[in-house]
Amino acid sequence: MRKVPTLPVRRRPTAGRAVAIAGLLVATLGFSLAGPVAALRADAALGTEVFVVNSASLALGNASACTGGGGDCSLRTAITAANGVNGDYDVEIRVAPGLDLSLVFPDNSTTNYMFVGKVSPTDTDGAYFHIKRTMTINLDKRLHTRGSGTRKPATAFFVDAPDVKLLNLSDIYSNESSIIFSANSDGSVLDGGVSIQSANNYAQRMIGILGLADNITIKNYTMGRIHGTSYEGLIRLAGAAESASNRFVNGLTLSNVTMNNTPATAGSTTCTTSSAAGCVSSGLVVAGDMTLTNLVIEHSTFSYFTGSTRAIDLEDAGSGSGNWDIHHNTITEMRAGSSYLRAMLYLPQATALSGTNYIRNNDFDNGSLTTQGFAIHWHGPSSPPAISNLSIIDNYFDGLQTSGIILDATGAVTMRGNRFGTHSKSQTSTSSEATAHGLSTAALLQNYAKTANRWLLTWEPSVATLNASCEFVVQVAPHSNVTNAAQPTPPVTIDFYYTTGATAEVYLGSQSNVSAGPATVPELPPAAGYVRIQTQNSTAQSGFFESSQYSTAIAIPTANLAPCLVPRMTIDLQAWKNVTPGATTYDTIIAAAASGGATEIVSGSMTDQGPEWFTYKVSNTGHVTLRDVVVTDLQGRQACTFKTIAHQSSVGCAAPATP
């Protein structure tokens, strides 16, 4: 059962509306907020109440000190006053200019709590700051908190209202969780700040998210070195102590978040009451059978997880979890050991995924370290589904000492375009790669048993040819092992990879509808080396392919290779005047010209009006992908850039004639 929000939708008055009722606003505030929160200031033009903190005290004072009345305004006073604002106003708490304040939470006392009682299953004592109304708190990275002494189990900020914005909270710690988002905190945001602990190991979690807290966003935040047990984490969702009807979180987003446990001193393992220099906890942890839907983790970095910790721990996500998109992240400097139980990204144990799920465009990059066995592990339900609802695509793996991916009891998992750097482990003889499996057996990726992709066998390459016309062709045929694994049903889809040895560093594209015989490789290899393939069963199940392990590596012929790798490019430049307003891209300018909305200035012609825009059509006329192309104009100004331009293709861009 899901909760139904009962709070009214907040409206921000327009300037005209605020001016029209300004007198009424002042009169109403003076009447309804008399007493301990008297003299609140209304900014009629913006419909905003502003409270300014100027004291590191934890005491509750008079709200007038927060609104220009003189005296000390503590954060507790400001939040108490903000909670009491009636009406349809935005509320903002700021820190006075020029101040840098540090609040030390005292030992063994609830005197300074705004909330006394159980905040979460693990924060049982209360909270110093209880946010009960929609508001913005901007601490400008200049007001800090920390716990001390006997670990009074309280949280710092208890967010207990919707659409709260916590901005620029740096060095925020308590003796339990720094921030708790309650079931009432839907739509709240933590944006900006750095909290990497060094003073002591009292802090147990950075952020706790309770059941029914929906659409929480954490972005542009750096955190690390919190002291926690194996199942704690910098961000923790725990449902075990909540009623079953409350174990749901929907819409959690982590964007541009950095979780970094790198020791303050290289190699330090010190994590004591006087120093957190070597404290390590897991990153994101979903525990206690919490159902998590619509999870997004994007453009984030996870560094230095050791021992029993994991960067992204989704093992205990509950039934019904899914619609996850984990993309464009970097996980690096992992030192958690060889066990699959310590994989960088651990998917739900014995649980299926719902909806559509992606792990895409991530870098699981441990470089040359020899301290991490696996990147992705998933052991699905005891009765595996036919399809997994998961695609693992276009990721980069390096430095994994056993496997990048290991799957068991998952059904069909689409794995395509995944590349493996030269520090990845694979079979010494690549002819063994297709059937290699085991918790201590090296292979780039593993369908551990027939319950994962039916242990689909890859087809095998035999002979590669490269002719003078730069056509790269590989002969492929079914694998000879027909006993212990499933054979794909032809025609199949073949994915091609380039390697300098026995990995798969570069994805060369795919060809579908392939039967035994010649298959054309879409992209040329970047240099001499080897090519290997991965096979996708062309009979997709509800959009999900069954994916094989990787094949034998065979040598790329060097004859004709060098001339084929010469980059070739042409650029067509056009100048335009009388361009329709709003036409600012290549496509819109060309379209405008076709309907008379732009006039080309032909080279060598006479005109009394200079160009307004230049367009550039860049064509890759060679046989290799062009990368990091920069187009400059005649004055040496950068006009436009292209990350890649595929061979035998064209792209366009536009730039104004004047900077």
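Definitions and cut-offs
- Residues numbered from 1 in each chain as written.
- Predicted model: local features only at pLDDT ≥ 70, side-chain atom pairs only at ≥ 80, totals over all residues.
- Heavy atoms only, no water.
- Buried < 20%, exposed > 50% of the residue type's maximum accessible area, 1.4 Å probe, protein only.
- Helix = DSSP H or I, 4+ residues; strand = E, 2+ residues; numbered from the N terminus.
- Contact = heavy atoms within 4.5 Å.
- Disulfide = S-S within 2.5 Å.
- Pairing = 2+ DSSP bridges.
- Phe/Tyr/Trp six-rings, centres within 6.5 Å; stacked < 30°, edge-to-face > 60°.
- Salt bridge = Lys/Arg side-chain N within 4 Å of Asp/Glu carboxyl O.
- Arc of directions from axis to C-beta.
- Core = buried A, V, L, I, M, F, W, Y, C linked by side-chain atoms within 4.5 Å.

Caption draft 1: Region of interest: helix α3 (residues 75–83). Counting buried positions along α3 yields eight of nine residues, so the element is predominantly enclosed. Those residues of α3 lying buried are Leu75, Arg76, Thr77, Ala78, Ile79, Ala81, Ala82 and Asn83. Where α3 is buried, its residues contact β2 (48–53), β3 (90–95), β6 (126–131), β7 (136–138), β8 (143–146) and β9 (154–159).

Caption draft 2: View of the state of the cysteines. For the structure shown, the criterion picks out four disulfides. Paired through a disulfide, cysteine 66 and cysteine 73 show a sulfur-sulfur distance of 1.9 Å. In this structure, the disulfide formed by cysteine 66 and cysteine 73 twists by about 95° around the S-S bond and is classed as right-handed. The same class applies to cysteine 66 and to cysteine 73, which are both buried. Across the disulfide, cysteine 271 is cross-linked to cysteine 279 (sulfur-sulfur distance 2.0 Å). Across the disulfide from cysteine 271 to cysteine 279, rotation about the S-S bond amounts to roughly 90°, and the bridge is consequently right-handed. With a relative accessible area of 22%, cysteine 271 lands in the partly exposed category.

Caption draft 3: Main features of the sheet that holds strand β11 (residues 177–181). Spatial ordering of the open sheet is given by β5-β6-β9-β11-β13-β15-β19-β23-β26-β29-β32-β35, a layout of 12 strands whose pairing is mixed. In this open sheet, the two strands that pair with only one neighbour each are β5 (115–116) and β35 (445–447).

Caption draft 4: Geometry of the packing of aromatic side chains. What the rule picks out here adds up to 10 aromatic pairs. Between phenylalanine 105 and tyrosine 128 the ring centres are 3.7 Å apart and the planes differ by 10°, which places this aromatic pair in the stacked class. Residue phenylalanine 105 is located in the loop between β4 (101–104) and β5, and its partner tyrosine 128 is located in strand β6; the two are separated by 23 residues in the primary sequence. When sorted by exposure, phenylalanine 105 lands in the same class as tyrosine 128, which is buried. Summarising the aromatic geometry, the rings of tyrosine 113 and tyrosine 128 are spaced 4.9 Å apart at their centres and angled 75° between planes, so their arrangement reads as edge-to-face. Taken together, the residues tyrosine 113 in the loop between β4 and β5 and tyrosine 128 in strand β6 connect sequence positions 15 residues apart. Pairwise contacts between aromatic rings join Phe364, Phe397, Phe420, Tyr497, Tyr507 and Tyr550 into one cluster.

Caption draft 5: Seen up close, the pattern of salt bridges. A complete count under the given rule lists 16 salt bridges for this structure. Between glutamate 333 and arginine 335 there is a salt bridge; the shortest N-O distance is 2.8 Å. Since its relative accessible area comes to 31%, glutamate 333 is described here as partly exposed. Salt-bridge contacts for glutamate 546 lead to arginine 454; the nearest nitrogen and oxygen are separated by 2.7 Å. Of this pair, glutamate 546 sits in the loop between β41 (530–536) and β42 (547–550) while arginine 454 is found in the loop between β35 and β36 (460–466), placing the two residues 92 residues apart along the sequence. Judged by relative accessible area, which is 39%, arginine 454 ranks as partly exposed. Among the charged side chains, a salt-bridge network with shared partners connects Asp123, Glu176, Arg205, Glu232 and Arg236.

Caption draft 6: Representation of helix α5 (residues 586–594) within the structure. Inspection of α5 places Tyr586, Ile589 and Ala592 among the buried residues, and these make up the whole buried set. Angularly, the buried residues of α5 cover 135° about the axis, an arc narrow enough to put them on a single face. Those residues of α5 that are exposed and angled more than 90 degrees off the buried face are Asp587 and Ala594. Residues of α5 that are buried in the fold lie against β44 (569–577), β46 (613–620) and β49 (649–656). Positive phi shows up at glycine 596, right after α5, with a value of about 85°.

Caption draft 7: Up close: the nonpolar core. By size, the foremost hydrophobic cluster in this structure holds 99 residues, and its most contacted members are Phe157 and Ile209. For this core, the element with the highest residue contribution is α3, accounting for five residues. With near-sequence residues (within four places) excluded, phenylalanine 157 lies in contact with Leu75, Ile79, Phe129, Ile131, Leu139, Leu169, Ile172, Ser178, Ile179 and Ile180. With 23 residues, the next largest nonpolar core counts Ile494, Phe496, Ala519 and Val521 among its residues.

These figures capture arrangement, not role.
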